[in-house]
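What follows is each chain in one-letter form.
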Amino acid sequence: MSAQYAWPELFPARHPVTEGSDHPAVSPLGDLYPPATEAEIRELEERLGVELPPSYRQFLLFANGWGSDDDCCLLRVEEVGWLRDVDPSIAGSWSAPKPENSWSVPDELYFVYGPEQDSIHYRGEYVPDALLIGYWDDGVALLNPHVSTAEGEWEAWYLAPWLPGARRYRSFWDLAMDELRIGVYRVR
C-alpha cells in the first residue's frame, strides 16, 4: 500500500468538480483540472509499459494536470510521454555528452538532494528515458525511472536552459512541494 499524499490539503480552495467537466478549479499556481479516472491512468501505464510512481499517480487521481498556460503546466494524462518521443530535441540536447563532462557521476555526488545538491551532478544518459510530465519557466518537469525508491517513487527532475544541469528531487511529491513553495512567493 502506498503512502497517501495530501493533495486536497495543499489545494483547499479547490471546489469539487464533477467528472467530465472541463472547467478547471483555481489553485495558487493556476488551474487544476478534474481528476483523471483510474481507467485513464491504467491506460497511460499500459501505453508507457510501467506503473507510475505513487505520488504522481495520486496527484492525477486528484487533478489531471495543473496550469492553463502551455509554458507553465503539468500535463494531462493524454499528453504525458517519454521525453525521447514527445520532445526529442530536448532529449537530445540534454543527453549529449559534453567533452568537459563525464556522465558517470559517482553516487556520492549524484544522490545529494536539497540545498547541498549541485545541479551539474546529473546523469545525462537518463534524460531520453525520462517521463515528460510538465513545462514551466522555460524548463521541463521529468520523472526518472532509473532511480526509484522501495516504495516505487521515481526521482523527479527539473531541467531548464538557465540551470547548469538538473534540479533533482527524491520524488514527484518533493518536486511539487518545492514548486508550490516557490510559486506561492511568485504570486504574492
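(A) Main features of the packing of helix H2 (residues 38–48) against helix H3 (residues 54–62). One can describe the packing of H2 onto H3 by two numbers: an axis separation of 9 Å at closest approach and a directional angle of 140 degrees. Classified by the angle between their axes, H2 and H3 sit oblique to one another. Pair H2 / H3 crosses with right-handed handedness. Across the interface between the two elements, Glu38, Ile41, Arg42, Leu44 and Glu45 from H2 touch Arg57, Leu60 and Leu61 from H3.

(B) Inspection of the pairing of strand E8 (residues 154–159) at higher detail. Summarising burial for E8: six of the six residues are buried, a large majority. As paired strands, strand E7 (residues 139–148) and E8 are joined by six bridges and run antiparallel to one another. By the bridge assignment, Leu142 is partnered in E8 with Trp157. Remark: five residues form the turn of the hairpin made by E7 and E8, two consecutive strands paired antiparallel; Gly152 in that turn has positive phi of roughly 95 degrees. Pairing between E8 and strand E9 (residues 166–169): four bridges, direction antiparallel. Within E9, the position partnered with Trp157 by the bridge is Arg168. The hairpin turn running from E8 into E9, its antiparallel successor, is six residues long, and Gly165 in that turn takes a positive phi close to 145 degrees.

(C) A look at empty space enclosed by the protein. As enumerated under the stated definition, the model contains one cavity of 30 Å³ or more in all. Along its surface, the largest cavity is lined by Trp136, Tyr158, Arg167, Tyr169, Leu175, Asp178 and Glu179. Put simply, the parts of the chain that give the lining of the largest cavity at least two residues each are E9 and helix H7 (172–187). The leading source of residues in the lining of the largest cavity is H7, at three residues. Across the lining of the largest cavity, the residue classes break down as four nonpolar, no polar and three charged.

About the cut-offs
- Residues numbered from 1 in each chain as written.
- Predicted model: local features only at pLDDT ≥ 70, side-chain atom pairs only at ≥ 80, totals over all residues.
- Heavy atoms only, no water.
- Axes fitted to C-alpha atoms, helices over the stretch in contact; angles between N-to-C directions.
- Helix = DSSP H or I, 4+ residues; strand = E, 2+ residues; numbered from the N terminus.
- Parallel < 35°, antiparallel > 145°, perpendicular 65-115°, else oblique.
- Left-handed = near helix turned anticlockwise from the far one by under 90°.
- Contact = heavy atoms within 4.5 Å.
- Buried < 20%, exposed > 50% of the residue type's maximum accessible area, 1.4 Å probe, protein only.
- Pairing = 2+ DSSP bridges.
- 1 Å grid on protein atoms, 1.4 Å probe; cavity = no way out; pocket = protein on both sides within 12 Å on 5 of 7 lines; lining within 4 Å.
- Points joined across faces, edges and corners; volume = space filled by probe spheres on them.
- Nonpolar A, V, L, I, M, F, W, Y, C, P; charged D, E, K, R; others polar.

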